[in-house]
Amino acid sequence: MRKALGLILAVFVTSSVGFCQQNAQVMQRRQVGDAPKPEAKKISPEQRERAMQLLDGAAAGAAGLDSGSRAYALIQVARVYQSIDKKKAVELLEQAMTAANEVGKENEHLKEVGSELQQDVLKAMVPLAPEKVDEMLTQLDARGREKVLQALLNYYEREKKMDRALEVVYRMGAEAEIPYGAAAKIMEKMSPEQAPEKQQLFTAALASFR
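Residues numbered from 1 in each chain as written. Predicted model: local features only at pLDDT ≥ 70, side-chain atom pairs only at ≥ 80, totals over all residues. Heavy atoms only, no water.

A closer look at the pattern of salt bridges
- Applying the stated rule across the entire model yields six salt bridges.
- Across the pair Lys132 and Glu94 runs a salt bridge whose closest N-O atoms are separated by 3.2 Å. With Lys132 in helix H6 (residues 130-136) and Glu94 in helix H4 (residues 86-106), this pair connects stretches of sequence that are 38 residues apart.
- With a relative accessible area of 26%, Lys132 lands in the partly exposed category.
- Residue Glu167 pairs with Arg164 through a salt bridge whose shortest N-O separation is 3.3 Å. (Salt bridge = Lys/Arg side-chain N within 4 Å of Asp/Glu carboxyl O. Helix = DSSP H or I, 4+ residues; strand = E, 2+ residues; numbered from the N terminus. Buried < 20%, exposed > 50% of the residue type's maximum accessible area, 1.4 Å probe, protein only.)

Shown next as structure tokens:
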């Protein structure tokens, strides 16, 4: 337990440094063109290096935890890495997924906990490597897949990748009910040349509703 708390504290310290750095950048952007204001706090190279050491230590230390705690710790570390090293963040999330998969196998009573951790891993991975999320979806149960597919759908809508969003809508409809709000948004954005695709989506949504 102490080890787990130590890892979480290390992640908290590092993420706090990252937050201060991002906040400083935001303040600097806001000050452009304005009257002189107090100088934004900057992160020194020494502080950044120390933060990275803590972060690396937290990732390495997670190996000594039980599968559930390991998955949770790796998710937290990956979230900090997300803004500074996406490749490293994805690697950590893949390790977290492996650990999350072991939770239910090690303890039958913790299957639901393992499922929740799997969902957290894939939802954290959506903005970093959506294609990998597609590959890993089969590892989740039906309820878990639906939640992660919703996260994928939201991501593709934000990124205006409507073709991919449409694929997700059909995938969700194949397993459960089509997300009507998302389907309506996609139809609104379809061009006149996409009339056949629009009609097909409308028909699918109507059949799902019935």
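Some details on the packing of helix H8 (residues 162-175) against helix H9 (residues 180-189)
- Axis separation between H8 and H9 bottoms out at 10 Å; the angle between their running directions is 145 degrees. For the crossing formed where H8 meets H9, the hand is left-handed. For the pair H8 and H9, contact is made by Met162, Ala165, Leu166 and Val169 and by Ala182, Ile186 and Lys189, respectively. (Axes fitted to C-alpha atoms, helices over the stretch in contact; angles between N-to-C directions. Left-handed = near helix turned anticlockwise from the far one by under 90°. Contact = heavy atoms within 4.5 Å.)

Observations regarding the nonpolar core
- In this structure, Leu93, Leu122, Val133, Leu152, Ile186 and Leu201 are the most contacted members of the largest nonpolar core, which totals 55 residues.
- No other element matches the nine residues that H4 contributes to this core.
- Each residue touching Leu201, except ones within four places of it in the same chain, is listed here: Leu166, Val169, Tyr170, Ala183, Ile186, Met187 and Met190. (Core = buried A, V, L, I, M, F, W, Y, C linked by side-chain atoms within 4.5 Å.)

Comments concerning a nonpolar patch on the surface
- On the surface, Phe202, Leu206 and Phe209 cluster together into a nonpolar patch covering about 310 Å² of accessible area.
- Along the chain, Phe209 turns up in helix H10 (residues 195-209).
- Overall, the relative accessible area of 61% leaves Phe209 in the exposed class. (Patch = residues over 30% accessible without salt bridge, like charges linked within 9 Å, V, L, I, M, F, W, Y side chains within 5 Å. Areas by Shrake-Rupley, 256 points an atom, 1.4 Å probe, with all protein chains shown as cover.)

Thoughts on the packing of H9 against H10
- In contact at an axis separation of 10 Å, H9 and H10 are set at 165 degrees when each is read in the N-to-C sense. In terms of orientation, H9 and H10 fall into the roughly antiparallel class. H10 is crossed by H9, and the crossing has left-handed handedness. The segment H9 lies against H10, with Tyr180, Ala183, Ile186 and Met187 engaging Lys198, Leu201, Phe202, Ala205, Ser208 and Phe209. (Parallel < 35°, antiparallel > 145°, perpendicular 65-115°, else oblique.)

Some remarks on H8
- Here H8 contains 14 residues, and its C-alpha end-to-end distance of 20 Å stays within 8% of the 20 Å for a straight helix at 1.5 Å per residue.
- Turning to H8, its buried residues are Met162, Ala165, Leu166, Val168, Val169 and Met172. Looking down the long axis of H8, one finds its buried residues gathered within 160 degrees of arc, a one-sided arrangement. Pointing more than 90 degrees away from the buried face of H8 are the exposed residues Asp163 and Ala174. (Expected span 1.5 Å × (residues − 1). Arc of directions from axis to C-beta.)

Considering the environment of Glu116
- Take Glu116: it is sitting in helix H5 (residues 111-125).
- As for Glu116 and Ala100, which are separated by 16 residues in sequence, their C-alpha atoms are 8.6 Å apart.
- Those residues in contact with Glu116 that sit more than four places away from it in its chain are Arg143 and Lys147.

Concerning the environment of Ala207
- Assignment of secondary structure puts Ala207 in helix H10.
- Separated by 34 residues in the primary sequence, Ala207 and Gly173 place their C-alpha atoms 9.8 Å from one another.

Comments concerning the packing of aromatic side chains
- Across all of its chains, the model carries two aromatic pairs by this definition.
- Note on Tyr155 and Tyr156: the rings are 5.5 Å apart at their centroids and 55 degrees apart in plane angle, and the pair reads as tilted.
- With a centroid separation of 6.2 Å and 75 degrees between ring planes, the pair formed by Tyr180 and Phe209 is classed as edge-to-face. Taken together, the residues Tyr180 in helix H9 and Phe209 in helix H10 connect sequence positions 29 residues apart.
- Taking the relative accessible area as the measure of exposure, Tyr180 reaches 30% and is therefore partly exposed. (Phe/Tyr/Trp six-rings, centres within 6.5 Å; stacked < 30°, edge-to-face > 60°.)

Notes on the side chain of Ser67
- In this structure, Ser67 sits in helix H3 (residues 67-81).
- Look past the residues within four positions of Ser67 in its chain and what remains in contact with it is Ala99, Glu102, Val103 and Glu106.

These values are about where atoms sit, not about what they do.
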